[in-house]
2 protein chains.
Amino acid sequence: MQFEEINQDGASVLQQVRDENGMISQELFQLIDDAIEARNSDLLVSLTQDLHEADLGDIIEALSPKDRSDFIELLGDSFDYTALVELDDSLRSKIVESLPNELVAEGISELDSDDAIVILEDLEEEDQAEILAALPAIDRLQLKRSLDYPEDSAGRLMQTDFIAVAPFWTVGQTIDYLRETTDLPDDFYQIFVIDPGHRLLGTISLDTLLRSRRPTRISEIQNEERHFVMVNQDQEEVSRLFERYDLLSTAVLDEGERLVGVITIDDVVDVIHEEAAEDIKRLGGVGDEEITDTVVATVMSRMPWLIVNLATAVIASQVIAFFDGTIAQMVALAVLMPIVASMGGNAATQTMTVAVRALATQDLDKFNMLRVVSREILVSIFNGIAFAIILGIIAAVWFSNIQLGYVMGAALVVNLFFAGLSGILIPVGLQKAGVDPAIASSVFITTVTDVVGFFSFLGLAGWWFGLM
Amino acid sequence: MQFEEINQDGASVLQQVRDENGMISQELFQLIDDAIEARNSDLLVSLTQDLHEADLGDIIEALSPKDRSDFIELLGDSFDYTALVELDDSLRSKIVESLPNELVAEGISELDSDDAIVILEDLEEEDQAEILAALPAIDRLQLKRSLDYPEDSAGRLMQTDFIAVAPFWTVGQTIDYLRETTDLPDDFYQIFVIDPGHRLLGTISLDTLLRSRRPTRISEIQNEERHFVMVNQDQEEVSRLFERYDLLSTAVLDEGERLVGVITIDDVVDVIHEEAAEDIKRLGGVGDEEITDTVVATVMSRMPWLIVNLATAVIASQVIAFFDGTIAQMVALAVLMPIVASMGGNAATQTMTVAVRALATQDLDKFNMLRVVSREILVSIFNGIAFAIILGIIAAVWFSNIQLGYVMGAALVVNLFFAGLSGILIPVGLQKAGVDPAIASSVFITTVTDVVGFFSFLGLAGWWFGLM
């Protein structure tokens, strides 16, 4: 996809950065790995100088843990700290903590404020304070203010450099200002119009500015700003606004409605990813785990979920224990009971997955709730009848006992009905109670389907065959 | 968040479009619903004329199925067809099919080409042909060519209107061209530089153009374009490129390396969402299901997964049936065996979730494979020992049988080990075999943990207590 000219030992080598699958190329990685081994700074600099920060980030992830900080220290001034922003949180803080604080301070002084915040926010307080102290006063104050905003808020996400002009300026004046000012943000997608009190009056997109004639007044071409976020708003709400209205960037206002920053789409794309990953992980019963976590961190993050599962499994077992006399008289019940529970668990998971996803994207709301709940009930009745017939026949034939087929079928109808109902009502209920449905739904749902599954099958069998 | 001035019966009403949760406001919805009931076109037009397409789309979703096409027909010329792009696929095609084809043709003739494709691509061939035939020849040819590209390819995603200039133009000439041309794309983020054969030479971002002086030659300020996609590339690869390099828009080239279109970040944000939703749904065992699907469509999409689950549940049951003699002599085994299986299933799901996610984002690759697999093995050995102790004690105390505690503990160590191993190796193996790990992993994994769980627990018990 992308080629780089690399000067190695005076010779010019055409080097591919990524292979056809989009992975960092083995050849480039080997060259870098050898250069670290040889502690050859100059070679490392020439190998990496034209790399995009994303490529540099992926190379750091691919390196062995002990080579990572060596790599950065060998690169020295030539290392682009934006590459650290591309890493997993846990990996980033581990690397940053292994580097001398003065080196980090020097590195982040060249970053945009939003990138600097990403690097600073997860550090231990002591390191954070030391790095901040080594920065120029103006940067320090700005970063400190951003760090005061709550985690995952718009204030943390925003970039505090932006371009704002007065409404009485002309297009020509604005363009001249852009041409003459050297200290502009790296990329910008719109220009803000503010009053003397820093209150936001409107915005102008760059293409509007380009299309307008020089004498035109800014106030004539500005859009009244209809989309903005407050500095304390959660990043999930921010990303929803971007997606809904296809925004490229949006103004961030403080409590006094003053313009304090701008959030751009590239940061929001990361948030969308994070939020989707969070839902997937929560549904799978893993916390904030990342692929780069250590054994201990992984055990710690998974343990609570396994303990919760242990508790629900014991509850389900107690239902079985209640019917131990019944099972002792008819072992076929022990063979078939996991099928009833498992079908219920699966059907409920299907419903829950759709519900959790729709709640997260706000596609399930008061307008269609009744429609969706009715649909789930109808689907579960239909599935219940279909699988009652299939599994009833299997059970009857397997154990040459047609009565057992009836009991199996009846238990499936009951369990799949409760599965469908809990699959939709539990996530909705949790959301209403202010709990993230992705985090808690599956625990409740497997408890319901196991308990109802074992109880309905063993209970019906005990009653039907008179084995209680 | 957002306010609209609505003129109703001559009075000016300040109307909020969304409530504090970001949902369409009940008041606005009621006004629209009443206006449809009363078939009051004028009122509907005034209620909706200032709405963003995303708001309009959400209102359509909130309406009852029979009101949706009435709403669009009542709005007539004033309906903005981009709102349809915001809807779920199945809902959109249902609505479009219920509208007269001439009306649809008129509506989409005003759309950008990428939006028109979204509306056209899911229609039945006959409707598609009729709508295309009613369009102006130049639009028709362009759309037909886009429809020839494979589904989910860059060619379907791209917008075919873009701005391209020659390298010998000056900044001044370019700006004048932008000012004088009225038929420009709605939004654009960069300008392309092409040679006379339409081959891409480079790009210029709008802020570079704004910052440069008028006599500057385009060739002096163009970026060499390092990121582009081919027209047949899959949208997932396209979105990965955007995310990796924080792109706002990218050129699309055909086989002859000619510039044929441009893909912008707003389309990619939708792709990112789709792909994340796909992974979540596949992990949950539901296909391409959407919250607006009918009962029949939902049953059809979920049935295959339930049948697969049925098959694996029957396999696990056969393991139990193999030990029916053992269970008959010791019913406590029937009570405890689901706990062993369930703990394994949960531990494996945790590992699988992390693995599937990391494979999807290319965070699990050849560089860290060995590290991650070793970590998972260590984690599962640790979890195995920890839960062997906890559950061994529970089993021993519950049934006042210390021997049963030993058996329970040993079975857990075995099952959690296989759970961890299969949780990582099955997704990786499926990916290598070219199968989406999100789709198939959980089936294989629950089969492994059920079979190993029942076999190790019942087998160890039978051997230990001499009950075989």
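Starting from 1, residues in each chain are numbered consecutively following that chain's sequence as written. Ligands are numbered from 1 and chains lettered from A, in the order in which they are written. For a predicted model such as this one, the threshold for reporting local features is a pLDDT of at least 70, and the threshold for listing and counting side-chain atom pairs is 80 or more; totals across whole chains, interfaces and linings nevertheless cover every residue. Each side-chain value is derived from all of the structure's non-hydrogen atoms; neither hydrogens nor water enter the calculation.

- For chain A, the name recorded in an unreviewed UniProt entry is Magnesium transporter MgtE, with Cohaesibacter marisflavi as its organism.
- UniProt positions are given in the numbering used here, feature names are shortened, and annotations may be inferred rather than shown by experiment. The record held by UniProt for chain A lists under Sequence similarities (unreviewed entry) the comment "Belongs to the SLC41A transporter family."
- According to the UniProt record, the Function (unreviewed entry) comment for chain A is "Acts as a magnesium transporter."

## A short note on the overall build of chain A
Piece 1. Put simply, DSSP marks the helices as runs of H or I at least four residues long and the strands as runs of E at least two long, and each gets a number from the N terminus on. Counting its secondary structure elements, chain A contains 22 helices and nine strands.
Piece 2. Relative to the globule expectation of 23 Å for 468 residues, the C-alpha radius of gyration of chain A, 30 Å, shows a markedly less compact shape.
Piece 3. The principal-axis extents of the C-alpha atoms in chain A amount to approximately 90 × 60 × 45 Å.
Piece 4. Out of the 468 residues belonging to chain A, those deemed buried represent 57%.
Piece 5. A sequence separation of at least 24 residues applies to 63% of the contacts in chain A between residues at least 6 apart.
Piece 6. Per-residue and other accessible areas were derived by the Shrake-Rupley procedure at a 1.4 Å probe size, with only the shown protein chains allowed to occlude residues. Surface exposure of chain A reaches about 19200 Å², of which carbon and sulfur atoms provide 54%.
Piece 7. Seen as two clouds, the 28 positive and the 77 negative side-chain charges of chain A have centres 9 Å apart. Taken over C-alpha atoms, the radius of gyration is set against a globule rule of 2.2 Å times the number of residues to the power 0.38. Three exposure classes are used, based on accessible area relative to the maximum for each residue type with a 1.4 Å probe and protein chains only: buried under 20%, partly exposed in between, and exposed over 50%. By definition, residues are in contact when any of their heavy atoms lie within 4.5 Å. His is not counted, nor are the chain ends, whereas Lys and Arg count as positive and Asp and Glu as negative. In plain terms, the charge of a residue is placed at NZ if it is Lys, CZ if Arg, CG if Asp and CD if Glu.

## A word on the sheet that holds strand β9 (residues 259-264) of chain B
Residue and element names in this part refer to chain B.
Piece 1. Two strands pair if DSSP finds at least two bridges between them. A sheet is described by the order of its strands in space; here three strands give the open sequence β7-β8-β9, paired in mixed fashion. Two strands in the sheet have a free side with no partner beyond their single neighbour: β7 (228-230) and β9. Going from strand to strand, the sheet's axes swing by 35° on average, the running direction of each strand aside.
Piece 2. Bridge count between strand β8 (residues 249-253) and β9: five bridges; the pairing is antiparallel. In the sheet register, Leu253 faces β9, and the bridge partner there is Leu259. Angles run from 0 to 180 degrees between N-to-C directions of axes, and those axes are lines fitted to C-alpha atoms, restricted for helices to the stretch in contact.

## Thoughts on a negative patch on the surface
Piece 1. Residues B:Glu86, B:Glu151, B:Asp152, B:Asp234, B:Glu237, B:Asp270 and B:Glu274 make up a contiguous surface patch of negative charge.
Piece 2. When you line up the elements, B:Glu151 lands in the loop between α10 (137-148) and α11 (154-157). Each patch is built from salt-bridge-free residues with over 30% relative accessible area, joining like charges within 9 Å and nonpolar side chains (Val, Leu, Ile, Met, Phe, Trp, Tyr) within 5 Å. In the sections that follow, a salt bridge refers to a side-chain nitrogen of Lys or Arg positioned within 4 Å of a carboxyl oxygen of Asp or Glu.

## Looking at the packing of helix α19 (residues 332-360) of chain A against helix α21 (residues 402-432) of chain A
Each pair of packed helices can be summarised by the angle the axes make with each other and by the distance between the axes.
All names here are of chain A.
Piece 1. With their axes 8 Å apart at the nearest point, α19 and α21 run at an angle of 25° to one another. Taken together, the axes of α19 and α21 are roughly parallel relative to one another. Judged by the sense of rotation from one axis to the other, the crossing of α19 with α21 is right-handed.
Piece 2. Only Asp, Glu, Lys and Arg are considered charged in this grouping, and only Ala, Val, Leu, Ile, Met, Phe, Trp, Tyr, Cys and Pro are considered nonpolar; every other residue, Gly among them, is considered polar. Taken together, the residues of the contact of α19 with α21 break down into 22 nonpolar, six polar and no charged. When describing relative orientation, an angle under 35 degrees is termed roughly parallel and one over 145 degrees roughly antiparallel, while 65 to 115 degrees is termed roughly perpendicular and anything else oblique. For any pair of crossing helices, the crossing counts as left-handed if the nearer helix is rotated counterclockwise from the farther one by less than a right angle, and right-handed if it is rotated clockwise.

## Thoughts on α21(A)
Piece 1. The span expected for a helix works out to 1.5 Å for each residue beyond the first. For α21(A), spanning 31 residues, the distance from its first C-alpha to its last is 45 Å, which sits close to the expected 45 Å at 1.5 Å a residue.
Piece 2. Trailing α21(A) by a residue or two, A:Gly434 shows a phi angle of about 80°, which is positive.

## Brief notes about the UniProt feature "transmembrane region" (unreviewed entry) in chain A
Residues and elements named next belong to chain A.
Piece 1. When the UniProt feature table is mapped onto this chain, "transmembrane region" (unreviewed entry) is found at residues 305-323, 329-356, 377-399, 405-430 and 442-465.
Piece 2. Along residues 305-323 the backbone is 95% helical and 0% strand, and the end-to-end C-alpha distance reaches 28 Å.
Piece 3. For residues 442-465, the helix share is 96%, the strand share is 0%, and the end-to-end C-alpha distance is 34 Å.

## Points about unusual backbone geometry
Piece 1. One non-glycine residue with positive phi stands out, namely A:Asp246, at about 50°.
Piece 2. For A:Asp246, the position within the fold is in the loop between α15 (235-245) and β8 (249-253).
Piece 3. Residue A:Asp246 is classed as partly exposed on the basis of its relative accessible area, which comes to 28%.
Piece 4. For B:Asp152, which is not glycine, the phi torsion reads 60° and is therefore positive.
Piece 5. Summarising the element assignment, B:Asp152 is placed in the loop between α10 and α11.

## Section: the pairing of β9(B)
Side chains on a regular strand alternate between the two faces of the sheet.
Piece 1. A large share of β9(B) lies buried, amounting to six of its six residues.
Piece 2. The loop that links β8(B) with its antiparallel partner β9(B) comprises five residues; one of these, B:Glu257, has a positive phi angle of about 60°.

## Some remarks on the side chain of A:Thr292
Piece 1. Of note, A:Thr292 is situated in the loop between α16 (265-283) and α17 (295-322).
Piece 2. We classify A:Thr292 as buried; its relative accessible area is 17%.
Piece 3. Sequence-distant contacts of A:Thr292, defined by excluding residues within four places in its chain, comprise A:Asp88, A:Ser90, A:Leu91, A:Lys94 and B:Arg375.

## A word on the UniProt feature "domain: Magnesium transporter MgtE intracellular" (unreviewed entry) in chain A
Piece 1. In the numbering used here, UniProt assigns the "domain: Magnesium transporter MgtE intracellular" (unreviewed entry) feature to residues 51-154 of chain A.
Piece 2. The span residues 51-154 of chain A shows a helical share of 71% and a strand share of 0%, and its end C-alpha atoms are spaced 30 Å apart.

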